[in-house]
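Coordinates in review
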Amino acid sequence: MSNLQILQITFYGAAILLIAIGLYAVVTKRNLIKIVLGLSIMDSGVNLLFITVGYISHKTAPIFSPSVMAKYKTIHAAAQAMVDPVPQALVLTAIVIGFGVTAVALALVVRLYRHHNTTNIDEIRNLKW
Amino acid sequence: MKKAIAIILLAFIAVELFVVFYKIPFGADRMNVARFYLENSPKKLGVANAVTAIVVNFRGFDTLGEVTVLFLASTALGSILFRRREIHTRLSHLRTSVEASVIVRIAGRFLVPLIILLGAYVFIHGHLTPGGGFQGGVIIATGFLFLLLAYRKFTIEHRTITFVESLAGITFAGIGLIGIFLGKTFLENFLPAGKLNDLLSGGIIPLIYIAIGFKVAAELTGILDTVLSISIDVKQKEIESQTEKNE
């Protein structure tokens, strides 16, 4: 097994494990705060998956810093030695959106707690029909 | 039983997902549009950090939407958690009944200016180093969180936060509109690109990232203040139940 394959299994495995753990929490847990935590963990897993898909072997971060320019001389040569920056930019957006989702979900949990005095979804009867 | 079914189902989903992703060639170069971004962000824009160039310039409209989502989240949080303060107790202006320890309070005096300086550094250098407006804004908000946790009398003026947030938002949209007035597209660069890796390079990108930094810092500070105000409600409930018991 090559190094690259080990890297691939580790990163995809970790990302998918995080997604599965998050989904497990969302499906089985009864506490609303734990469900929100599960959503947040799923978010991290998806972000890791994105970054892993954008990885290109033996290439560096997409920043044209002075040291990178000194090593590769021209912009074209430096650009050839860099990983895909688009997934990283998308993940930057996804992290911010994930933060917003978590914040609003937790605020809704607080609101439900004020109304029902519990965060257990089994005890909140209005959620059932 | 329920949990076992859930675990089996999730294991099935995870294995299927893994098999699908395992078939994608790992570490292979499959850039199309990214190649254009990588070549043009230093050449045309003079921006060293290609991710910043994509977030603020090539996909700047997307970022405007992202900032709007963050604004919407902070507004929604305020409106969901809003509660008219009818009960004014003796301690209602204090967040907690216990003062933070001496170590926290003294450390706050030294650390908070440094935290805010670090945040400002991160968003001013967003086009040169990893980081940018969002990250710098979050760091500044942690400084304000420190103040809120360390000093229970410290309050955040919501009018100031709204003012900073609106000003930053108007700056972002206004810079975009100037591009249209100069006969270019929305959010297109109209300033000289400058030399690669200079602080004053990248045209409008540092300006927009500074505006985003202020906006994110103001929004997150507002969110933290709103969330911390819940503890006031909880404390008031405790005081109410205490007085009920006494009566």
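Going by the structure above, here's the rest.
These remarks concern the structure in this document. (Residues numbered from 1 in each chain as written. Chains lettered and ligands numbered in written order. Predicted model: local features only at pLDDT ≥ 70, side-chain atom pairs only at ≥ 80, totals over all residues. Heavy atoms only, no water.)

**Looking at the overall build of chain B**
Under the convention used in this document: By the criteria applied, helices consist of DSSP H or I runs no shorter than four residues and strands consist of E runs no shorter than two, each listed in order from the N terminus. For each residue, the accessible area found with a 1.4 Å probe, counting protein chains only, is set against the maximum for its type, and the residue is called buried under 20%, exposed over 50%, and partly exposed in between. Methods summary: accessible areas were calculated by the Shrake-Rupley approach with a probe of 1.4 Å, and residue burial reflects only the protein chains presented.
Within chain B, the secondary structure is distributed over eight helices and zero strands. Ordered by position in the sequence, the α and β elements of chain B form the string α-α-α-α-α-α-α-α. For chain B, the residues scored as buried account for 44% of the 247 residues in total. For chain B, the accessible surface area stands at approximately 13,700 Å², while carbon and sulfur atoms represent 70% of it.

**Concerning the packing of aromatic side chains**
To keep things clear, this is the line we draw: In this scheme Phe, Tyr and Trp rings, the latter by its six-membered ring, pair at centre separations within 6.5 Å, and the angle between planes marks the pair as stacked below 30 degrees, edge-to-face above 60, and tilted otherwise.
Under the definition given, this model contains nine aromatic pairs over all chains. Ring-pair connections join several aromatic residues into one group, and the members of that group are Tyr 12 and Tyr 55 of chain A together with Phe 21 and Phe 26 of chain B.

**Let's talk about the layout of surface pockets**
Filter applied, for reference: Cavities and pockets were defined on a 1 Å grid built over protein atoms only: a cavity is a set of grid points that admits a 1.4 Å probe from which the probe cannot escape, a pocket is an open set flanked by protein on both sides within 12 Å along at least five of seven lines, and lining residues are those with an atom within 4 Å of any such point. Grid points are joined across faces, edges and corners, and a volume is the space filled by probe spheres set on the points. Under the convention adopted here, Pro, Cys and the residues Ala, Val, Leu, Ile, Met, Phe, Trp and Tyr are nonpolar, Asp, Glu, Lys and Arg are charged, and Gly plus all remaining residues are polar.
Taken as a whole, the second largest pocket encloses approximately 400 Å³ of empty space. Around the second largest pocket, the lining is made up of 22 residues, and of these Leu 92 and Ile 95 of chain A together with Gly 131, Phe 134 and Gln 135 of chain B lie nearest the centre. If you list the elements that add at least two residues to the lining of the second largest pocket, you get helix H5 (85-116) of chain A together with helix H3 (50-58), helix H6 (133-150) and helix H8 (205-246) of chain B. Broken down by element, the lining of the second largest pocket gets its largest block of residues, six residues, from H5 of chain A. Residue composition of the lining of the second largest pocket, grouped by class: 17 nonpolar, five polar and no charged.

**Let's talk about the side chain of Asn 57 of chain B**
Residue and element names in this part refer to chain B. Heads up, the condition is: Contacts are assigned to residue pairs with any non-hydrogen atoms lying within 4.5 Å of each other.
Its place among the elements puts Asn 57 in helix H3. Given the relative accessible area of 14%, Asn 57 is considered buried. The residues touching Asn 57, leaving out its near neighbours within four places in the chain, are Leu 45, Thr 52, Leu 187, Asn 189 and Ile 205.

**Things to note about the environment of Pro 130 of chain B**
Relative to the helices and strands, Pro 130 of chain B resides in the loop between helix H5 (102-124) and H6. Since its relative accessible area comes to 63%, Pro 130 of chain B is described here as exposed. Considering only alpha carbons, one finds Pro 130 of chain B and Asn 49 of chain B, 81 residues apart in sequence, at a separation of 7.1 Å. Not counting chain neighbours up to four residues away, the residues in contact with Pro 130 of chain B comprise Ile 63 of chain A together with Asn 49 of chain B.

**Quick look at the interface of chain A and chain B**
As a reminder, the rule being used: When two components associate, each loses some accessible surface as probed by a 1.4 Å sphere; the sum of these losses over both components is called the buried area. When a carboxyl oxygen of Asp or Glu is within 4 Å of a side-chain nitrogen of Lys or Arg, the pair counts as a salt bridge. N or O atoms closer than or at 3.5 Å make up a polar contact, with two conditions inside protein: a donor-capable atom paired with an acceptor-capable one, and, for residues adjacent in sequence, both atoms drawn from side chains.
Chain A puts 53 residues into the contact, and the matching count from chain B is 58 residues. Across the interface of chain A and chain B, roughly 4,700 Å² is buried in total on both sides, 72% from carbon and sulfur atoms. Measuring nitrogen to oxygen at the nearest pair gives 3.3 Å for the salt bridge that ties Asp 29 of chain B to Lys 59 of chain A. One can count 13 residue pairs in polar contact (both at pLDDT 80 or more) joining chain A with chain B. Listed by contribution, the elements that provide at least two residues to the side of chain A that touches chain B are helix H1 (3-28), helix H2 (32-53), helix H3 (66-72), helix H4 (75-80) and H5 of chain A. When residues in the side of chain A that touches chain B are grouped by element, the largest group, 18 residues, is from H5 of chain A. Residues belonging to the side of chain A that touches chain B are distributed by class as follows: 35 nonpolar, 13 polar and five charged.

**Let's talk about the pattern of salt bridges**
Pairing between side chains of opposite charge can happen when the charged atoms of each approach one another. As enumerated under the stated definition, the model contains seven salt bridges over all chains in all. Residue Asp 122 of chain A pairs with Arg 30 of chain A through a salt bridge whose shortest N-O separation is 3.0 Å. Of the two residues, Asp 122 of chain A is situated in the segment after H5 and Arg 30 of chain A in the loop between H1 and H2; the sequence distance between them amounts to 92 residues. For Asp 122 of chain A, a relative accessible area of 30% gives the class partly exposed. Put simply, Arg 152 of chain B and Glu 99 of chain B hold a salt bridge, and the shortest N to O gap is 3.6 Å. Here Arg 152 of chain B, found in the loop between H6 and helix H7 (158-181), pairs with Glu 99 of chain B, found in the loop between helix H4 (60-81) and H5; they are 53 residues apart in sequence, far enough to count as distant. The partly exposed category is assigned to Glu 99 of chain B, whose relative accessible area is 39%.

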